[in-house]
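What the coordinates show
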Amino acid sequence: MRFKKVTPSEELRPYVRNFWLFDVDKEDVPFSQLLFPFGSFELIINLHNAPEMEMVGGQGKFIQPESLFPGQFTKPFTLCFVQRTKCIGISLHPWMGKVLFDVPANEFTDSITTVQNIEPGLRLREKLLEAKNEADQLMIMEAYLLKKLSGVQFALDSCYIAQSVLRQPSPQRLREVVSSIGLTRRRIEQRFLESTGLSMGAFVRKVRFQKAVTLVHQNHDSSLTQIGLEAGYYDQSHFIREFKEFAGITPSDFAKQPTKMRNFVSELLVVSS
């Protein structure tokens, strides 16, 4: 199994966190992995054998589409790999949910949309399959985004709020940032929801959880009380309750996961701006 991140060009960095490649070799299957809600928007192209996906508490498994644009998830899910798999993806910043396809991000929340449904006729997957190597595939992805995003503007206030929360996920910091913008709370909330797919309060909770995941992974020998307070939770019970809501397991159960799997899960989450 291989998960590789690639830094985008300078021109794309205001929009894109990274490109990534993910391979599962035949000797790695079958295996299943519980994954936590991402903090970014993903454009994912399954090049070979899309995995099965099951939302925790959902209605059974389904095969991922060949090309998909998942919205912001608020619940954990499981990916099941039964064949050799290869996919490539783009991780967009959290404030980019509306920009790529000009659809309010809240319309994608807790759902998966096939790319063909929102951009009919796009041949991105076909071009990637025709590429000679991964370097060419990444060039194709870059070219697609540069053309797609040329002249496009994102909501600067939503970007500012999201970046501030990523640095300090606390309700108090959120109130300070919102009061400095100069628009009504209602208007700011509406624009933020359209940009990120989440309310501002839900975004704070999600980023705080992601920070907790990183801390548990890096300091799993520390006490849960200490980690919870550092992540911004009021007390240990608040930490455990909210962690389990997003992850489906407790912080202590996550700390017991094999290091390789903790690395993989932690790598997918947004934990800084």
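Structural data are supplied above this passage.
This is a predicted model, so every value here is computed, not measured. (Residues numbered from 1 in each chain as written. Predicted model: local features only at pLDDT ≥ 70, side-chain atom pairs only at ≥ 80, totals over all residues. Heavy atoms only, no water.)

**So, the overall build of the protein chain**
Threshold: A run of H or I in DSSP counts as a helix once it spans at least four residues, and a run of E counts as a strand once it spans at least two, with each numbered from the N terminus. When accessible area is computed with a 1.4 Å probe and restricted to protein chains, residues below 20% of their type maximum are described as buried, those above 50% as exposed, and intermediate ones as partly exposed. Here, two residues are considered to be in contact whenever any of their heavy atoms come within 4.5 Å of each other. Positive charge is attributed to Lys and Arg, negative charge to Asp and Glu, and no charge count is given to His or to the chain ends. A charged residue contributes its charge at one atom only: NZ of Lys, CZ of Arg, CG of Asp or CD of Glu.
When you go through the protein chain residue by residue, the secondary structure sums to 11 helices and 10 strands. Taken along its principal axes, the extent of the C-alpha atoms in the protein chain is 50 × 45 × 35 Å. Burial status across the protein chain gives 49% buried among its 273 residues. Within the protein chain, contacts between residues at least 6 apart in sequence are counted, and of these 72% link residues at least 24 apart. In the protein chain, which carries 33 positive and 30 negative side-chain charges, the distance between the mean positions of the two groups comes to 3 Å.

**Quick look at unusual backbone geometry**
The omega torsion across Val29 and Pro30 is -5 degrees, close enough to zero to call that bond cis. Inspection of the secondary structure assignment puts Pro30 in the loop between strand 2 (16–24) and strand 3 (31–35). At Asn49, a residue that is not glycine, the phi angle is positive and equals roughly 55 degrees. Turning to its location among the elements, Asn49 is positioned in the loop between strand 4 (41–48) and strand 5 (52–55). When its relative accessible area of 34% is taken as the criterion, Asn49 is described as partly exposed.

**Concerning the sheet that holds strand 3**
Test applied: In this description, strands pair whenever DSSP reports at least two bridges between them.
Read across the open sheet, the four strands follow the order 3-8-5-6; overall the sheet is antiparallel. Each end of this open sheet is capped by a strand with a single partner; those strands are strand 3 and strand 6 (62–63). With two bridges connecting them, strand 5 and strand 6 associate as antiparallel partners. Bridge pairing in strand 6 links Glu52 to Ile63.

**Details of the packing of helix 8 (residues 224–231) against helix 9 (residues 236–247)**
This is how the line gets drawn: Geometry is summarised by axes, namely lines fitted to C-alpha atoms with helices restricted to the contacting stretch, and by angles between N-to-C directions that run from 0 to 180 degrees. The labels follow the angle: roughly parallel below 35 degrees, roughly antiparallel above 145, roughly perpendicular from 65 to 115, and oblique for the rest. Three residue categories are used. Nonpolar comprises Ala, Val, Leu, Ile, Met, Phe, Trp, Tyr, Cys and Pro, charged comprises Asp, Glu, Lys and Arg, and polar comprises the others, including Gly.
Between helix 8 and helix 9, the least distance of the axes is 9 Å, while the angle of their chain directions is 75 degrees. One finds that helix 8 runs roughly perpendicular with respect to helix 9. Facing Leu224, Thr225, Ile227 and Gly228 of helix 8, the residues of helix 9 in contact are Gln236, Phe239 and Ile240. Split into classes, the residues belonging to the contact of helix 8 with helix 9 amount to four nonpolar, three polar and no charged.

**Some points on the packing of aromatic side chains**
Test applied: In summary, the pairing rule links any two rings of Phe, Tyr or Trp, Trp by its six-membered ring, whose centres are within 6.5 Å, and it sorts them by plane angle into stacked for under 30 degrees, edge-to-face for over 60 and tilted for everything else.
Enumeration over the complete set of coordinates arrives at 18 aromatic pairs. For the ring pair Phe31 and Phe81, a centre distance of 5.0 Å and an interplane angle of 20 degrees mean the geometry is stacked. Placement of the pair is Phe31 in strand 3 and Phe81 in strand 8 (residues 77–81), with a sequence separation of 50 residues. The pair Phe31 / Phe81 is uniform in exposure class, with both members buried. Pairing Tyr233 with Phe239 gives two aromatic rings, centres 5.1 Å apart and planes at 35 degrees, and the pair type is tilted. For the residue pair Tyr233 and Phe239, the accessibility class agrees, reading buried in each case. Ring pairs connect the aromatic residues Phe36, Phe209, Tyr233, Phe239, Phe243, Phe246 and Phe254, which therefore count as one cluster.

**With respect to the sheet that holds strand 9 (residues 85–92)**
Strand order in the open sheet formed by six strands is 1-2-9-4-7-10, with antiparallel pairing between adjacent strands. The open sheet has two edge strands, strand 1 (2–6) and strand 10 (112–114), and neither has a second partner. For this sheet, the mean angle separating the axes of adjacent strands, direction not counted, is 20 degrees. Relative to strand 9, strand 4 runs antiparallel, the two being bridged by seven bridges. The residue bridging Ile45 from the neighbouring strand is Ile88, located in strand 9.

**A closer look at helix 6 (residues 185–196)**
The periodicity of an α-helix, 3.6 residues per turn, causes residues three or four places apart in sequence to face the same way. Using the following cut-off: In this analysis, the expected span of each helix is defined as 1.5 Å times one less than the number of residues it contains. Picture the helix axis, draw a direction to every C-beta atom, and the arc is the one those directions span.
If you check helix 6, its first and last C-alpha atoms are 16 Å apart, about what 12 residues at 1.5 Å a residue would give, namely 16 Å. Among the residues of helix 6, those classed as buried are Ile188, Phe192, Ser195 and Thr196. Taken end-on, helix 6 shows its buried residues confined to a sector of 75 degrees, consistent with a single buried face. Contacts made by the buried residues of helix 6 are with strand 4, helix 4 (156–167), helix 5 (171–179) and helix 7 (200–218). Gly197 sits one or two positions beyond helix 6 and adopts a positive phi of about 85 degrees.

**A word on the nonpolar core**
The criterion, for reference: In this text, buried Ala, Val, Leu, Ile, Met, Phe, Trp, Tyr and Cys residues form a nonpolar core when linked through side-chain atoms within 4.5 Å.
Counting residues in hydrophobic clusters, the biggest one holds 46 residues, and the most contacted among them are Leu43, Leu145 and Ile161. Setting aside anything within four residues of it in sequence, one finds Leu43 in contact with Leu68, Phe69, Ile88, Gly89, Ile90, Leu100, Phe101, Val115, Leu124 and Tyr144. If you look at the next biggest cluster of nonpolar residues, it comprises 16 residues, including Val213, Leu215, Phe254 and Ala255.

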